[in-house]
Amino acid sequence: MNGCSNYSSSQKYRFTNLIDLLRYRACNKPQQVAYKFLRHGVEETDKLTYQELDQQARKIAASLQSLEMTGERALLLYSSGLEFITAFFGCLYAGVIGIPAYPPRRNQNILRLQSLVEEAQAKIALTTKSLVNNIESSFTDRPEFSNLQ
């Protein structure tokens with residue numbers, strides 16, 4: 001069962017949240033493009049259909065729920081791109097509060113990020129595989145990040 005029986009296109013809906021809207025679109029317009037990433041505002045480099053977004057967000061949500069993160073805050077450390085969108089929707093699905101932040105650059109003072117983690121009381125950070133090595137090395141010698149997964 002794909003979970004679409006509650007989202008028939010023949011009924012009119014009042015969507016109360018973004019997840020309801022995403023589920024409706026994933027069920028009724030699965031191949032329609034939901035988001036495109038345009039480099040420099042012109043060149044399309046990537047896109048997500050509603051079905052792809054829904055599936056990827058559910059995977060992220062399942063991981064967050066398995067770590068018992070429901071109700072917690074997650075730092076979303078992403079450069080520009082569609083990965084942020086899937087992580088944000090994954091947080092919504094899991095009941096996690098997503099906090100957007102740009103990842104620190106190499107040799108950049110990370111005081112801004114430190115402050116954000118402390119103020120938000122984030123318990124976990126989500127990012128891409130390509131950024132995780134740089135971020136982990138920045139976090140290892142800072143006690144403020146010791147509780148951040």
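Preceding this paragraph is the structure being described.
Rules behind the numbers
- Residues numbered from 1 in each chain as written.
- Predicted model: local features only at pLDDT ≥ 70, side-chain atom pairs only at ≥ 80, totals over all residues.
- Heavy atoms only, no water.
- Core = buried A, V, L, I, M, F, W, Y, C linked by side-chain atoms within 4.5 Å.
- Buried < 20%, exposed > 50% of the residue type's maximum accessible area, 1.4 Å probe, protein only.
- Helix = DSSP H or I, 4+ residues; strand = E, 2+ residues; numbered from the N terminus.
- Contact = heavy atoms within 4.5 Å.
- Expected span 1.5 Å × (residues − 1).
- Arc of directions from axis to C-beta.

This part covers the nonpolar core. In terms of nonpolar packing, the biggest core is built from 24 residues, with Leu 53, Leu 64, Phe 89, Cys 91, Val 96 and Leu 126 touching the most fellow members. Elements represented by at least two residues in this core include exactly α1 (18-28), α2 (50-66), β3 (73-77), α3 (82-94) and β5 (124-126). Per-element tally for this core: the top contributor is α3, with 7 residues. Beyond its immediate sequence surroundings of up to four residues, Leu 53 is in contact with Leu 22, Ala 34, Tyr 35, Leu 48, Ile 85, Thr 86 and Phe 89. If you look at the next biggest cluster of nonpolar residues, it comprises 11 residues, including Leu 75, Leu 77, Ala 101 and Ile 110.

For the rest of this paragraph, the subject is α3. The end-to-end C-alpha distance of α3, which contains 13 residues, comes to 19 Å, matching closely the 18 Å that a straight helix rising 1.5 Å per residue would cover. What α3 keeps buried is the set Leu 82, Ile 85, Thr 86, Ala 87, Phe 89, Gly 90, Cys 91, Tyr 93 and Ala 94. One or two residues past the end of α3 sits Gly 95, with phi positive at roughly 75°.

Quick look at α2 now. Owing to its 3.6 residues per turn, the α-helix aligns residues three or four sequence positions apart on the same side. Taking 1.5 Å per residue as the helical rise, α2 with its 17 residues ought to reach 24 Å, and the 24 Å between its terminal C-alpha atoms agrees with that figure. For α2, the set of buried residues is Tyr 50, Leu 53, Asp 54, Ala 57, Ala 61 and Leu 64. All buried residues of α2 lie within an arc of 95° about the axis, which places them on one face of the element. Pointing more than 90 degrees away from the buried face of α2 are the exposed residues Lys 59 and Ser 66. Those residues of α2 that are buried lie in contact with α1, β1 (33-39), β2 (43-49), α3 and β5. Trailing α2 by a residue or two, Glu 68 shows a phi angle of about 55°, which is positive.

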